[in-house]
Amino acid sequence: MTDTTVTQDPSQALKRRLAVRVRDLRKGLGLPRRALSEKSRVSPRYLAQLEAGEGNISITLLHRIATALEVKVENLVSENAPWDRDVDRVAHLYRAAPEEVRQKIRSLLAPQNPAALRAGRICLIGLRGAGKSTLGRLAGKALGLPFVELNRDIEEHTGMPLSEVMAFYGQDGYRALEAEAIARTVEKHDRMILAVAGGLVAEEATYQQVLERFHTVWLRTSPAEHMQRVRAQGDLRPMQGNPAAMQQLKSLLSARTALYEKAEAQVNTSNRTISGSLNDLMKVIAAKGFLEAPAE
């Protein structure tokens, strides 16, 4: 039996697709062919051949035509339906908008499935000394995920240690850098583990950004262990010359408890070994499905 199936030439399909899109975009802009020719510096005859699905076009000329039509080159040749100019404009406005505006837009576009915005990102919150850096690094290694300490990211971005960042930018400036670092991290990673400073939760807009774009875990321990671990790291500032430090720590923890409780999960590291706490964290991540794709 003779096979009469005709295989479609991919190059011909591309030429036809390109012809339709250039013609439709030109007419949509109300541009006569000669006007497009002048704007793109491509001859009217060449444009006529292109819109007829004939001839071959170089990438340089195609780029000129795309620019004149106010679209990206890939929108002319992609097999998928291209974005129109309105979508391109919205994307540009979104990229230029402040984070609080972006949050509102995302909430409007995907209110039915907030978990989709969090993807596979996990954020560890809690006071200093709870184990965020240690457990975050170990969990990242065990799960094959990038681990990021937000303060280290800020140091790398500014090119100065955190102490100088605070001295140069002040508390308000640091909080602004913190929000920018969160946005930068979200854009870079779909799956990762992040550790943030204990005071981030007190900055409402930034904390809301974290709750929206990360699965959050509160690492908690007793005030005594908080203090002990910080001192074990070589930081004597909490106690040095301040006999009321422990009471201040308790007051700070009490004031922030309601904020930390907004996290999706908690892991108590009090009187636990590092391996025990890591095991607890891994169980929570698995039980909550933080790394699973959200249901459509």
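As a reminder, the structure under discussion sits directly above these lines.
Below is a short write-up of the structure.

## Some points on the layout of surface pockets
Of the voids in this model, the largest pocket is the one considered here, and its volume is about 1,400 Å³. Lining the largest pocket we find 43 residues, and of these Leu127, Arg128, Gly129, Lys132 and Val230 sit closest to its centre. If one sorts the elements of the lining of the largest pocket by residue count, helix H11 (residues 162–188) sits on top with six residues. Of the residues belonging to the lining of the largest pocket, the class tally is 17 nonpolar, 15 polar and eleven charged.

## Digging into the packing of helix H9 (residues 132–143) against helix H15 (residues 274–288)
Where H9 meets H15, the axes come as close as 10 Å, and the angle between the chain directions of the two elements is 60°. Put simply, H9 runs oblique to H15. H9 and H15 meet at a crossing whose hand is right-handed. Residue-level inspection shows Thr134, Leu135, Leu138, Ala139, Ala142 and Leu143 of H9 in contact with H15, the latter providing Ile274, Ser277, Leu278, Leu281, Met282 and Ile285. Classifying every residue of the contact of H9 with H15 gives ten nonpolar, two polar and no charged.

## A word on the side chain of glutamate 51
Mapping glutamate 51 onto the fold places it in helix H3 (residues 44–51). By relative accessible area, which is 5% here, glutamate 51 ends up buried. Ignoring sequence-local partners within four residues, the contact set of glutamate 51 consists of Ala19, Val22, Arg23, Arg26 and Arg33.

## A short note on the pairing of strand S4 (residues 215–220)
Looking along a regular strand, one sees the side chains alternate between the two faces of the sheet. With five of its six residues buried, S4 lies for the most part within the structure. The sheet contact formed by strand S1 (residues 120–125) and S4 spans four bridges and is parallel. Within the sheet, the bridge partner assigned to leucine 124 lies in S4 and is valine 217. The pairing of S4 with strand S5 (residues 265–268) spans four bridges and is classified as parallel. Paired with arginine 220 across the strands is asparagine 268, a residue of S5.

## Some words on the sheet that holds strand S3 (residues 191–195)
If you walk across this open sheet you meet the five strands as S2-S3-S1-S4-S5, and the pairing is parallel. Where the open sheet ends on each side, the last strands, each with one partner, are strand S2 (147–149) and S5. Ignoring strand direction, the axes of neighbouring strands in this sheet form an average angle of 25°. Together, S2 and S3 form the strand contacts of helix H10 (residues 150–158), whose direction differs from that of S2 by roughly 70°.

Procedures and definitions
- Residues numbered from 1 in each chain as written.
- Predicted model: local features only at pLDDT ≥ 70, side-chain atom pairs only at ≥ 80, totals over all residues.
- Heavy atoms only, no water.
- 1 Å grid on protein atoms, 1.4 Å probe; cavity = no way out; pocket = protein on both sides within 12 Å on 5 of 7 lines; lining within 4 Å.
- Points joined across faces, edges and corners; volume = space filled by probe spheres on them.
- Helix = DSSP H or I, 4+ residues; strand = E, 2+ residues; numbered from the N terminus.
- Nonpolar A, V, L, I, M, F, W, Y, C, P; charged D, E, K, R; others polar.
- Axes fitted to C-alpha atoms, helices over the stretch in contact; angles between N-to-C directions.
- Parallel < 35°, antiparallel > 145°, perpendicular 65-115°, else oblique.
- Left-handed = near helix turned anticlockwise from the far one by under 90°.
- Contact = heavy atoms within 4.5 Å.
- Buried < 20%, exposed > 50% of the residue type's maximum accessible area, 1.4 Å probe, protein only.
- Pairing = 2+ DSSP bridges.

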